[in-house]
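The primary structure of each chain is shown beneath.
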Amino acid sequence: WVATFGVISLLFHWLVPSLLGAPLVAFLQMHEHASCALAYDGGGVNVASLARSTRTSAFINVIMWNMSHHAEHHLYTMIPFHALPRAHCLLRPVLPNVADGHLVVHREVLAAWIPQQHGALVRAGKALAYDASAGGCKSPENTEAEAKRGRTESILSMQARWQPTRRAHVRSYS
């Protein structure tokens with residue numbers, strides 16, 4: 001590429017767009033899954049609650065191929081992008097996560113995320129003490145029994161979260 005078109009071409013056709021475009025795309029896509037309130041039905045997690053639909057401008061919908069209707073996209077993956085706004089109109093009453101714009105979502109996500117990260121850092125700082133003689137980190141208050149209990153609790157919580165959902169259209173032939 002450089003030999004054929006030159007360094008300037010590489011700079012303006014790849015480097016500058018990737019540096020300017022990546023933050024914009026990250027800003028626009030953060031709303032799709034971040035901090036979605038999970039809803040549960042009789043068989044487990046409601047699939048519609050794993051993603052969020054965001055009301056946004058027509059311009060953003062055009063350049064992002066209507067991905068602001070992200071919950072609809074996850075519920076019915078075979079719907080073409082141009083039909084997602086119509087699907088949103090039909091599914092709106094049953095969607096648990098609909099936001100009024102990107103800035104609203106970012107404000108909510110960051111308001112929850114920043115204290116969560118700060119708390120994790122404080123807990124990590126208190127729990128870990130450097131042990132120079134052992135050449136690594138140790139946690140003075142974390143005994144083997146507490147570690148085992150923590151592993152058991154985390155396995156149980158994972159199993160509870162990922163119970164298979166029962167679907168009406170799946171028929172069992174056992």
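Residues numbered from 1 in each chain as written. Predicted model: local features only at pLDDT ≥ 70, side-chain atom pairs only at ≥ 80, totals over all residues. Heavy atoms only, no water.

Caption draft 1: Just the overall build of the chain, in detail. Looking only at helices and strands, the chain has 7 helices and 6 strands in total. When its helices and strands are written in sequence order, the chain yields α-α-β-β-β-α-α-α-β-α-β-β-α. Out of the 174 residues belonging to the chain, those deemed buried represent 22%. A separation threshold of at least 6 residues defines the contact pool for the chain, and within that pool the share at least 24 residues apart is 42%. (Helix = DSSP H or I, 4+ residues; strand = E, 2+ residues; numbered from the N terminus. Buried < 20%, exposed > 50% of the residue type's maximum accessible area, 1.4 Å probe, protein only. Contact = heavy atoms within 4.5 Å.)

Caption draft 2: Local environment of a nonpolar patch on the surface. Side chains of Ile8, Leu10, Leu11, Phe12, Trp14, Leu15, Val16, Leu19 and Leu20 sit close together on the surface and give an oily, nonpolar patch of about 870 Å² of accessible area. Take Leu15: it is sitting in helix H2 (residues 7-29). By relative accessible area, which is 31% here, Leu15 ends up partly exposed. (Patch = residues over 30% accessible without salt bridge, like charges linked within 9 Å, V, L, I, M, F, W, Y side chains within 5 Å. Areas by Shrake-Rupley, 256 points an atom, 1.4 Å probe, with all protein chains shown as cover. Salt bridge = Lys/Arg side-chain N within 4 Å of Asp/Glu carboxyl O.)

Caption draft 3: Main features of the confidence of the model for the chain. The predicted model of the chain has a mean per-residue pLDDT of 76, with 71% of residues at 70 or higher. Per-element mean pLDDT across the chain ranges from 47 in strand S5 (residues 129-131) up to 95 in helix H5 (residues 84-91). Here residues 158-174 scores under 50 on pLDDT; set against residues more than four positions off or in separate chains, the count is 9 contacts. (pLDDT = per-residue confidence, 0-100.)

Caption draft 4: How the structure looks around H5. Within H5 the residues assigned to the buried category are Leu84, Ala87, His88 and Leu91. In a view along the axis of H5, the buried residues occupy a sector of 105°, so they form one face of it. Within H5, the exposed residues directed more than 90 degrees away from the buried face are Arg86, Cys89 and Leu90. Close packing links the buried residues of H5 with strand S3 (53-54), helix H4 (70-75) and strand S4 (98-99). (Arc of directions from axis to C-beta.)

Caption draft 5: Structural view of H2. Across its 23 residues, H2 extends 31 Å between first and last C-alpha, which sits within 8% of the 33 Å expected from 1.5 Å per residue. Along H2, the helix axis deviates most sharply at Ser18, where the bend reaches about 35°. (Expected span 1.5 Å × (residues − 1). Bend = angle between axes of the 7 residues up to and from the residue.)

Caption draft 6: Structural view of the pattern of salt bridges. According to the stated counting rule, one finds 1 salt bridge in the structure shown. We note a salt bridge from Arg55 to Asp100, for which the minimum N-O separation is 2.0 Å. Here the residue Arg55 occupies a position in the loop between S3 and helix H3 (58-63), and Asp100 occupies one in the loop between S4 and helix H6 (102-127), the gap between them amounting to 45 residues. According to the relative accessible area criterion, Arg55 is partly exposed, its value standing at 41%.

Caption draft 7: A look at the nonpolar core. Judged by nonpolar contacts, Ala48, Ala51, Ala71, Leu91 and Leu95 together constitute the single largest core of 5 residues. The residues contacting Ala51, other than those within four sequence positions of it, are Glu32, His33, Cys36, His70, Ala71, His74 and Asn97. (Core = buried A, V, L, I, M, F, W, Y, C linked by side-chain atoms within 4.5 Å.)

Caption draft 8: Structural detail: the packing of aromatic side chains. Applying the stated criterion to the full structure yields 1 aromatic pair. Consider the rings of Trp65 and Phe81, whose centres lie 4.7 Å apart with planes at 35°: the pair is tilted. In this pair, Trp65 is assigned in the loop between H3 and H4 and Phe81 in the loop between H4 and H5, connecting sequence segments 16 residues apart. A relative accessible area of 54% places Trp65 in the exposed class. Phe81 sits in the partly exposed class, given a relative accessible area of 37%. (Phe/Tyr/Trp six-rings, centres within 6.5 Å; stacked < 30°, edge-to-face > 60°.)

Caption draft 9: Inspection of the side chain of Glu32 at higher detail. With respect to the helices, strands and loops of the structure, Glu32 is situated in the loop between H2 and strand S1 (40-41). Of the side chains with opposite charge, Arg52 comes closest to the buried, unpaired Glu32, at an N-O distance of 9.3 Å. Excluding anything up to four places from it in sequence, Glu32 contacts Ala51, Arg52, Met67 and His70. (Lys, Arg positive; Asp, Glu negative; His and termini not counted.)

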